[in-house]
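Coordinates in review
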Amino acid sequence: MRRSLLNPILAFGVLIILIISFYYVGDTVDNYFPDQKPEEITSMSIGDTVLAGMKVIDDAKIRKVPILYHFDYLTSLFQEEKYLQIINGLLTGSLETPLSQMASGSISSQGVAQGFEGPGYLSVQGQQLVVNPPQTFVWAYKTGYTVGVKTKSGVEIRNGGKSGTVIKEIAESDINNNTIPHDYVTITTFKKWYNKADVGNYIYLDYSLAGFSDGRNQVIPDQIETFFGDSVVAYMKNYPTGSPIMAYMGNHTENVTTTYSQSLGSYPEYGDASRAYNAMAFARGWNGTIIPPKTGSTGKENIGFDPCPDPNATGGYATHGVCPAARALRGATTGSGLPLPNGILWGELAVAYDTSPTVGVKVYNNQDYPVKIVMWTEGSGAGLVVYARVVKLS
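Anyway, here's the lowdown on the structure attached to this text. Residue indices begin from 1 for each chain and proceed along its sequence in written order. Note on the predicted model: pLDDT of at least 70 is required for a residue's local features to be given, and 80 or more for side-chain atom pairs to be given and counted; whole-chain, interface and lining totals, by contrast, use all residues. Here the side-chain values reflect all heavy atoms present in the structure, with hydrogen atoms and water set aside.

**A closer look at the overall build of the protein**
Of the regular secondary structure elements, the protein holds eight helices and 18 strands. In the protein, which comprises 394 residues, the share counted as buried stands at 44%. Whether two residues are in contact is decided by their heavy atoms, any of which lying within 4.5 Å being enough. Within the protein, contacts between residues separated by at least 24 positions form 63% of all contacts whose residues are at least 6 apart in sequence. About 20400 Å² of surface is accessible on the protein, with carbon and sulfur atoms providing 53% of the total. Numbering of helices and strands runs from the N terminus; a helix is a DSSP stretch of H or I covering at least four residues, while a strand is a stretch of E covering at least two. The rule is simple: take the accessible area with a 1.4 Å probe, protein chains only, and divide by the maximum for that residue type; under 20% is buried, over 50% is exposed, in between is partly exposed. A 1.4 Å probe and the Shrake-Rupley method give the accessible areas. Residues count as covered only by the protein chains that appear here.

As structure tokens, this is what we get:
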């Protein structure tokens, strides 16, 4: 009788000793192997752009730990409904670290981004992996990415600039729309460049978005439409390299700050029809331009103007008609508290003869909110009126 009572007591004591031993062993092991960092389990780089529904966790990277000193993980895994991992842990003695230990509510227990709208980005806050939702306004800069580099026998297409990675080599005889990226440079323009270029010269063929206002990583050309929409790509095509690009706008209001107008008037010696065309071209070149806070932007590229005869101009021609349009832009911007645009002068002669009315003019936004320039014309010929408006986005 005494023997039968002794055996269970002895077994219980041994069990307690084992539990205490495993606790100290586990605690010692835990000191040698610190907790896994959130950035070690991602399927992408910290700072990459993320849409809701994207998988941001690489399950294969999640560390397994001995069940004996992380028995509490069973509860967490059960709450995450990871029953297969629980069974596997009980059979093997090692448990997968629950995502709740390393990720927040913006990432589901299955490692999928959730609970936000628009293009967020992957980040680490404290010891938690999170997806930051986008701010109301997110902007970046149009940055050269894909280039064509002339070689002795053809051209190399490289990503990441002239010293970037070669993605393909194209023989001179194979240069066509199927082999050369042509969203920004037509194949005709490319061939003209190629025929004049020396070996080693390069030309930009496609562009990324970089230098984001919220610090996220560069977005390469083939991801821009996916994350920000085709309207952003269309906007980028109109503006020169280095221009600020409003990549995302959430819910916001638009309020007109200032509207200013100027009449064209008649100067038949310069050709009123050409002057009216140039004024309308100026308006097209600036209409819809969005300028984020503390940045500056020129007008659109590839806006054509009609040369008007002028004996005082270099070469005997000038783009008359742009001065009334420039005065309208000048009145709207300065009336809204913005500085005088670079390239625009005070006085009737608002644009110098040798200044491009679009890419040669730059509007700076010194405010704490984005602004949009709206320009349009009414009437025709000498009776044309040019309107310019600055709209506050908030």
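**Some thoughts on the packing of aromatic side chains**
Stacked, tilted and edge-to-face are the three classes assigned to paired rings of Phe, Tyr and Trp, where Trp is represented by its six-membered ring and a pair needs centres within 6.5 Å; plane angles under 30 degrees give stacked, over 60 edge-to-face, the rest tilted. One pass over the structure, following the stated rule, counts nine aromatic pairs. Ring centres of tyrosine 202 and tyrosine 204 lie 5.7 Å apart, and the angle between their planes is 90 degrees; on these two criteria the pair is classed as edge-to-face. The class of tyrosine 202 is partly exposed, set by a relative accessible area of 37%. Of the residues examined, tyrosine 204 reaches a relative accessible area of 30% and is grouped as partly exposed. Taking 6.4 Å as the distance between ring centres and 70 degrees as the angle between the ring planes, the aromatic pair formed by phenylalanine 227 and phenylalanine 228 counts as edge-to-face. The same class applies to phenylalanine 227 and to phenylalanine 228, which are both buried. Joined through ring pairs, the aromatic side chains of Tyr184, Tyr202, Tyr204 and Tyr207 make up one cluster. A cation over an aromatic ring shows up here: lysine 142 above the ring of tyrosine 207, its NZ or CZ 4.5 Å from the ring centre. Geometrically, a charge over a ring is one whose NZ (Lys) or CZ (Arg) sits within 6 Å of the ring centre while staying within 35 degrees of the ring normal. Here lysine 392 stacks its cationic end above the ring of tyrosine 369, 4.6 Å away from the centre of that ring.

**Quick notes on the pattern of salt bridges**
What makes a salt bridge here is a side-chain nitrogen of Lys or Arg within 4 Å of a carboxyl oxygen of Asp or Glu, nothing more. The full count for this structure, using the stated rule, is seven salt bridges. Across the salt bridge formed by lysine 55 and aspartate 59, the nearest N and O atoms sit 3.2 Å from each other. Classification of lysine 55 by relative accessible area gives partly exposed; the value is 35%. One salt bridge in this structure joins aspartate 368 and lysine 294, with 3.4 Å as the shortest N-O distance. Note that aspartate 368 is positioned in the loop between strand 16 (362-364) and strand 17 (371-378) and lysine 294 in the loop between strand 12 (289-291) and strand 13 (296-298), a separation of 74 residues in sequence.

**Details of empty space enclosed by the protein**
With a 1 Å grid laid over protein atoms only, a set of points is called a cavity when a 1.4 Å probe fits there but cannot get out and a pocket when it is open yet has protein on both sides within 12 Å along at least five of seven lines; lining residues have an atom within 4 Å of a point. Grid points are joined across faces, edges and corners, and a volume is the space filled by probe spheres set on the points. Applying the stated criterion across every chain, the model contains two cavities of 30 Å³ or more. In this structure, the largest cavity encloses a volume near 70 Å³. When residue character is reported, Ala, Val, Leu, Ile, Met, Phe, Trp, Tyr, Cys and Pro are called nonpolar, Asp, Glu, Lys and Arg charged, and the others, Gly included, polar. Tallied by class, residues from the lining of the largest cavity come to seven nonpolar, two polar and no charged. By volume, the second largest cavity is sized at about 30 Å³. Taken together, Thr257, Ser336, Leu338, Gln367, Tyr369, Val371 and Val390 make up the full set of residues lining the second largest cavity. Taken together, the residues that form the lining of the second largest cavity break down as four nonpolar, three polar and no charged.

**Section: the environment of serine 380**
Tracing the chain through its elements places serine 380 in the loop between strand 17 and strand 18 (385-393). Note on serine 380: relative accessible area 58%, which makes it exposed.

**Details of helix 4 (residues 187-196)**
Looking only at helix 4, the buried set comprises Ile187, Phe190, Trp193 and Tyr194. One side of helix 4 carries all its buried residues, which in axial view fall inside an arc of 120 degrees. In this structure, helix 4 carries Lys192, Asn195 and Lys196 as exposed residues pointing more than 90 degrees from its buried face. Next to the buried residues of helix 4 lie strand 6 (137-150), strand 7 (154-159) and strand 9 (202-210). As used here, the arc is the angular range of directions from the helix axis to the C-beta atoms.

**Examining the side chain of histidine 320**
Structurally, the position occupied by histidine 320 is in the loop between strand 15 (317-318) and helix 8 (322-335). Residue classification places histidine 320 among the buried positions, given a relative accessible area of 13%. N or O atoms within 3.5 Å of each other form a polar contact, as long as, within protein, one can give a hydrogen and the other can take it, and as long as residues adjacent in sequence are counted only when both atoms are side-chain atoms. Side-chain polar atoms of histidine 320 contact the side chain of aspartate 310, separated by 2.6 Å. Those residues in contact with histidine 320, other than ones at most four positions away along the chain, are Tyr270, Ser274, Arg275, Asn278, Cys308, Pro309, Asp310 and Tyr353.

**Overview of the pairing of strand 5 (residues 128-132)**
On a regular strand, one side chain projects to one face of the sheet and the next to the other, so that they alternate. For strand 5, the tally of buried residues reaches four of five residues, placing the bulk of the element in the interior. Relative to strand 5, strand 4 (residues 120-125) runs antiparallel, the two being bridged by five bridges. When the sheet's bridge partners are listed, glutamine 125 is paired in strand 5 with glutamine 128. Any two strands are treated as partners once DSSP identifies two or more bridges connecting them. Count of turn residues in the strand 4/strand 5 antiparallel hairpin: two residues, of which glycine 126 carries a positive phi of about 65 degrees.

**Points about the sheet that holds strand 18**
Overall, antiparallel pairing links the four strands, which are arranged 11-18-17-12 in an open sheet. One side of each edge strand has no neighbouring strand; the edge strands of this open sheet are strand 11 (254-263) and strand 12. Mean inter-strand twist for the sheet, computed between neighbouring axes without regard to direction, equals 20 degrees. Pairing of strand 12 with strand 17, which is carried by three bridges, proceeds in the antiparallel orientation. Each bridged residue has a counterpart across the sheet, and for isoleucine 291 the counterpart in strand 17 is valine 371. Interaxial angle, 0 to 180 degrees, is taken between N-to-C directions of lines fitted to C-alpha atoms, where a helix line uses only the stretch in contact. Docked against the sheet, helix 8 engages strand 11, strand 17 and strand 18, running at close to 145 degrees with respect to strand 11.

That's the geometry; what it means functionally is another story.
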